[in-house]
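Each chain, written out:
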Amino acid sequence: MLPATSHGEPVVPTPLGPVVATGAFADVYAIDEARVLRRYRSGRDASGEVELLAHVVAHGFPAPQVLEAHGPDLVMERLHGPTLLQAVVAGMMPLREGAEILADLHARLHAIPAPPGWTSTGVAQDWGHATGGPVIAHLDLHPGNVILSDTHGPSLVDWANARTATAELDVALTALILAEVAVDDDGEFARGARALTAAFLASAHVDPRRSIEDAMAVRRQDPGLVAGERELVPAAARLVHQLLDELAEAHTARIAN
């Protein structure tokens, strides 16, 4: 842990190390080989995220441990390894294996009981279409947020959107995020994203069909979307429905044979 001042504030090295990751709400700076500093640009309090990460790590879920926190700053365990996105794009990991990792992380997370009284990390409190539920939902679980860690295996980062919700909504959002890439153009990258979406839906532990509309609403409200992403949401939702129909038809055909 970093030493604390007499006022309980962490002593952060100055100047900060290089930026190793940038998200919609926060930047991650290297401190040393074992630690990073995650700082919310808005200055918002990160205590909700601290509570959640301590809870899921205590239940054996692969996520970075928070070593110290104050206000918008989280000193966290540094995870070394490529993201799942980098591994799949580079051909280091087959699409089906990548899809199974995403599905397994969902299943493991949704099996953890929510902390008593906890509802949200704070960023997504006004998301009316994610109004609570029986499980912890990450709501941003995609290949770019999974680090193939040397120490913990596939590990989930960037918990800014997390809250209590339903497993179906969480799975629907992952499918929607993947499908947005698939409908963005007709190139090889889009075809790979389509195959990854299909494989993920085939591996998922719940059927997300009834939550796709809510997932669309949540996705459209996400302040982290860049220009043009919101316009992809309807086409992505249609693709998810199409892939679910194809999976159902294939299942029916296997039973008939």
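Quantities reported herein were computed from a predicted structural model and do not represent experimental measurements.

Criteria and thresholds
Each chain has its residues counted from 1, running along the sequence as written. pLDDT decides what is reported in this predicted model: residues at 70 or higher carry local features, side-chain atom pairs at 80 or more are listed and counted, and totals for whole chains, interfaces and linings draw on all residues regardless. For side-chain calculations, the full set of non-hydrogen atoms in the structure is used, while hydrogens and water are omitted. Stacked, tilted and edge-to-face are the three classes assigned to paired rings of Phe, Tyr and Trp, where Trp is represented by its six-membered ring and a pair needs centres within 6.5 Å; plane angles under 30 degrees give stacked, over 60 edge-to-face, the rest tilted. Helix and strand assignments come from DSSP, with helices taken as H or I runs of at least 4 residues and strands as E runs of at least 2, each series counted from the N terminus. Any residue under 20% of the maximum accessible area for its type is buried, any over 50% is exposed, and the rest in between are partly exposed; the area is computed with a 1.4 Å probe on protein chains only. For a ring to carry a charge above it, either NZ of a lysine or CZ of an arginine must fall within 6 Å of the ring centroid while also lying within 35 degrees of the normal to the ring plane. Think of it this way: DSSP has to see at least two bridges between two strands before they count as a pair. A fitted line through C-alpha atoms serves as each axis, taken over the contacting stretch for helices, and the angle formed by two N-to-C directions is quoted from 0 to 180°. Contacts were defined at the residue level, with two residues in contact if any of their heavy atoms lie within 4.5 Å. Exposure above 30% relative accessible area and the absence of a salt bridge qualify a residue for a patch, where like charges join within 9 Å and nonpolar side chains (Val, Leu, Ile, Met, Phe, Trp, Tyr) within 5 Å. Residue burial considers only the protein chains on display, and all accessible areas are found by Shrake-Rupley using a 1.4 Å probe. Here, a salt bridge means any side-chain nitrogen of Lys or Arg that lies within 4 Å of a carboxyl oxygen of Asp or Glu. What pLDDT reports is the predictor's confidence in each residue, on a scale of 0 through 100. The labels follow the angle: roughly parallel below 35 degrees, roughly antiparallel above 145, roughly perpendicular from 65 to 115, and oblique for the rest. Take the far helix as your reference; a near helix turned counterclockwise from it by less than a right angle gives a left-handed crossing, and one turned clockwise gives a right-handed crossing. By this rule the span expected of a helix is its residue count minus one, scaled by 1.5 Å. Here the bend at a residue is taken as the angle between two axes, fitted respectively to the seven residues that end there and the seven that start there. Each nonpolar core is a collection of buried residues, namely Ala, Val, Leu, Ile, Met, Phe, Trp, Tyr and Cys, held together in the definition by side-chain atoms within 4.5 Å.

Draft legend 1. Main features of the packing of aromatic side chains. This structure, assessed with the given rule, holds one aromatic pair. Look at Phe61 and Trp159: their rings are 5.8 Å apart centre to centre, the planes differ by 85 degrees, and that puts the pair in the edge-to-face class. Of this pair, Phe61 sits in the loop between α1 (47-58) and β4 (66-70) while Trp159 sits in the loop between β8 (153-156) and β9 (163-165), and the two are 98 residues apart along the sequence. What makes Phe61 buried here is its relative accessible area of 4%. Its end group placed over the ring of Tyr40, Arg44 keeps NZ or CZ at 4.0 Å from the ring centre.

Draft legend 2. Seen up close, the sheet that holds strand β3 (residues 35-40). In space, the five strands of this open sheet follow the order β1-β2-β3-β5-β4, with antiparallel pairing throughout. Looking along the sheet, the strands with just one partner apiece sit at the ends: β1 (19-22) and β4. Each strand axis lies, on average, 20 degrees off the axis of its neighbour in the sheet, ignoring direction. Two strands pair when backbone bridges link them, and strand β2 (residues 26-30) and β3 are joined in this way by five bridges, in the antiparallel orientation. By the bridge assignment, Ala30 is partnered in β3 with Val36.

Draft legend 3. Here's a closer look at the side chain of Thr164. Locating Thr164 in the fold gives a position in strand β9. With residues near it in sequence (within four places) discarded, Thr164 still touches Ala114, Trp118, Thr119, Gly132, Gly133 and Val135.

Draft legend 4. Fine view of a nonpolar patch on the surface. Taken together, the side chains of Leu85, Val89, Val181 and Phe189 present a nonpolar region at the surface, about 350 Å² in accessible area. Among the structural elements, Leu85 can be located in helix α2 (residues 84-89).

Draft legend 5. Layout of the confidence of the model for the protein chain. Chain-level statistics for the protein chain give a pLDDT mean of 89 and a share of 91% at 70 or above. Every residue in residues 1-8 is under pLDDT 50, and counting partners more than four places away or in other chains gives 19 contacts.

Draft legend 6. The packing of helix α5 (residues 188-203) against helix α7 (residues 229-256), seen in detail. One way to put it is that α5 packs onto α7 with a least axis distance of 10 Å and a crossing angle of 55 degrees. By the angle class used here, α5 and α7 are oblique. In this structure, the crossing between α5 and α7 has a hand that is right-handed. Side by side, α5 and α7 meet where Arg194, Thr197, Ala198, Leu201 and Ala202 of the first sit next to Leu239, Val240, Gln242, Leu243, Leu244, Glu246 and Leu247 of the second.

Draft legend 7. Molecular detail of α7. In a regular helix each residue adds 1.5 Å, so 28 residues correspond to 40 Å; α7 covers 40 Å between its end C-alpha atoms and thus fits that length. Its maximal kink placed at Ala235, α7 deviates by approximately 30 degrees. Restricting attention to buried positions, one finds in α7 the residues Glu229, Leu232, Val233, Ala236, Ala237, Leu239, Val240, Leu243 and Leu244. In this structure, the buried side of α7 is in contact with α4 (167-182), α5 and α6 (212-221).

Draft legend 8. Molecular detail of α6. Burial in α6 covers these residues: Ile212, Ala215, Met216, Ala217, Val218 and Arg219. Check the buried side of α6 and you find it contacts α4 and α7.

Draft legend 9. Molecular detail of the pattern of salt bridges. Counted according to the given criterion, the structure contains 12 salt bridges. Between Arg219 and Glu180 there is a salt bridge whose closest N-O contact spans 2.8 Å. Here Arg219, found in helix α6, pairs with Glu180, found in helix α4; they are 39 residues apart in sequence, far enough to count as distant. For Asp245, the salt bridge is made with Arg209, and the minimal N-O distance between the two is 3.1 Å. Of the two residues, Asp245 is situated in helix α7 and Arg209 in the loop between α5 and α6; the sequence distance between them amounts to 36 residues. With a relative accessible area of 29%, Arg209 lands in the partly exposed category. Here the salt bridges do not stand alone but share partners, grouping Arg38, Arg44, Glu49 and Asp158 into one network.

Draft legend 10. Expanded view of the nonpolar core. Among the nonpolar cores identified, the biggest contains 66 residues, and Val56, Phe61, Leu84, Val146, Trp159 and Phe200 are the most heavily contacted of them. With 10 residues, α4 is the largest single contributor of residues to this core. For Val146, the contacting residues outside a window of four places in its chain are Pro82, Thr83, Leu84, Ile101, Leu102, Leu105, Leu141, Pro154, Ser155 and Leu156.

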